[in-house]
Amino acid sequence: MPQVIFLPHEEICPEGASIEADPGISICDLALKNGIEIEHACEKSCACTTCHVYVREGFDSLEEPTEDEEDMLDKAWGLEPDSRLSCQALVADTDLVVELPKYTINQVSENH
Ligand code: FES
């Protein structure tokens with residue numbers, strides 16, 4: 001089974017995590033199941049950007065993002081070439097390294 005490594009994030013998973021994943025699960029669901037509370041303000045329907053993550057390794061193993069995902073990603077805080085919406089990106093058969101952005105758009109508008 002592919003292994004998904006979540007890099008440490010100060011608030012959400014200070015220690016980081018390494019999790020075995022069933023192929024086909026979204027990165028967001030995998031994280032939530034394992035106590036990594038990625039925000040998912042639109043309940044994973046590709047209508048927000050709070051579940052934005054960077055896929056630092058294994059990016060090319062993921063299915064291409066849909067146009068809807070691309071459109072939403074354009075609005076995400078800190079967009080990078082490795083950016084995906086974690087509720088839309090499904091684990092394939094390759095190990096992944098996932099980094100959580102420092103902020104989500106919600107936090108930016110609330111606190112910054
Ligand atoms: S939870 Fe809203 S787009 Fe992923």
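Our subject is the structure that appears above.
Here the residue numbers are simple positions, counted from 1 along each chain's written sequence. Per-residue local features of the predicted model are confined to residues with pLDDT of at least 70, and side-chain atom pairs are confined, for both listing and counting, to 80 or more; whole-chain, interface and lining totals are unaffected and use all residues. As a rule here, side-chain values cover all heavy atoms of the structure and leave hydrogens and water aside.

Can you tell me about the overall build of the protein, naming the residues and giving the values?
Secondary structure counts use DSSP, requiring at least four H or I residues in a row for a helix and at least two E residues in a row for a strand, with both numbered from the N terminus. Secondary structure summary: the protein contains 3 helices and 5 strands in total. Starting at the N terminus and ending at the C terminus, the protein contains elements arranged as β-β-α-β-α-β-β-α. C-alpha atoms define the radius of gyration in this analysis, and the globule rule sets the expected value at 2.2 Å times the number of residues to the power 0.38. Computed over C-alpha atoms, the radius of gyration of the protein comes to 13 Å, within 12% of the 13 Å expected from 2.2 N^0.38 for 112 residues, which places it in the range of a compact globule. Considered along the principal axes of its C-alpha atoms, the protein spans approximately 40 × 35 × 25 Å. We call a residue buried when its accessible area falls under 20% of the maximum for its residue type, exposed when it is over 50%, and partly exposed in between, using a 1.4 Å probe and counting protein chains only. Across the 112 residues of the protein, 41% fall into the buried class. Should any heavy atoms of two residues lie within 4.5 Å, those residues are considered in contact. Long-range contacts, defined as pairs at least 24 residues apart, comprise 65% of the intrachain contacts of the protein with a sequence gap of at least 6. Carbon together with sulfur atoms contributes 46% to the accessible area of the protein, which is approximately 6100 Å² in total. A 1.4 Å probe and the Shrake-Rupley method give the accessible areas. Residues count as covered only by the protein chains that appear here.

Can you explain the state of the cysteines? Please cite residues and give values.
The disulfide criterion used throughout: a pair of cysteine sulfur atoms within 2.5 Å. Tallied over the entire structure, the rule returns 0 disulfides. Cys 87 supplies the cysteine sulfur nearest to Cys 46, a cysteine that is in no disulfide, at a spacing of 6.0 Å. When its relative accessible area of 13% is taken as the criterion, Cys 46 is described as buried.

Quick rundown of the pattern of salt bridges? Include the residues and the values.
Whenever Lys or Arg places a side-chain nitrogen within 4 Å of a carboxyl oxygen from Asp or Glu, that contact is recorded as a salt bridge. As enumerated under the stated definition, the model contains 5 salt bridges in all. For Glu 99, the salt bridge identified is with Arg 56, shortest N-O distance 2.7 Å. Linking Glu 99 in strand E5 (residues 96-99) with Arg 56 in strand E3 (residues 52-57), this pair joins segments that are 43 residues apart in sequence. With relative accessibility at 28%, the residue Arg 56 sits in the partly exposed group. Of the charged contacts in the structure, one is a salt bridge between Arg 84 and Glu 69, with a shortest N-O distance of 2.7 Å. With Arg 84 in strand E4 (residues 83-85) and Glu 69 in helix H2 (residues 67-73), this pair connects stretches of sequence that are 15 residues apart. Using a relative accessible area of 2% as the deciding quantity, one classes Arg 84 as buried. Judged by relative accessible area, which is 1%, Glu 69 ranks as buried.

Give a detailed account of the nonpolar core, specifying residues and quantitative values.
The tendency in soluble globular proteins is for nonpolar side chains to be buried as a group. Counting 27 residues, the largest nonpolar core has Phe 6 and Ile 38 as its most contacted members. Among the secondary structure elements, those contributing two or more residues to this core are strand E1 (3-6), helix H1 (27-33), E3, H2 and E5. Here Phe 6 is in contact with Cys 13, Gly 16, Ala 17, Ile 19, Ile 27, Leu 30, Ala 31, Ile 36, Ile 38, Val 98 and Leu 100, once residues within four sequence places are set aside. In this description, a nonpolar core means a group of buried Ala, Val, Leu, Ile, Met, Phe, Trp, Tyr and Cys residues linked to one another through side-chain atoms lying within 4.5 Å.

Could you give an account of a negative patch on the surface, naming the residues involved and the relevant values?
For patch detection, residues must exceed 30% relative accessible area and be free of salt bridges, and they are connected within 9 Å for like charges or within 5 Å for nonpolar side chains (Val, Leu, Ile, Met, Phe, Trp, Tyr). Positive charges are assigned to Lys and Arg, negative charges to Asp and Glu, while His and the chain termini are left out of the count. For this purpose, a charge sits on NZ of Lys, CZ of Arg, CG of Asp or CD of Glu. Together, Asp 60, Glu 63, Glu 64, Glu 67, Asp 68, Glu 70, Asp 71 and Asp 74 make up a region of like negative charge exposed at the surface. The residue Asp 68 is located in helix H2 in this model. What makes Asp 68 exposed here is its relative accessible area of 51%.

Before we move on, can you summarise the environment of Ala 47 with the specific residues and values?
Counting through the fold element by element, Ala 47 comes out in the loop between H1 and E3. Each C-alpha atom, one on Ala 47 and one on Asp 68, is 8.3 Å from the other, the two residues being 21 residues apart in sequence.

Function cannot be read off these values alone, since they describe shape.
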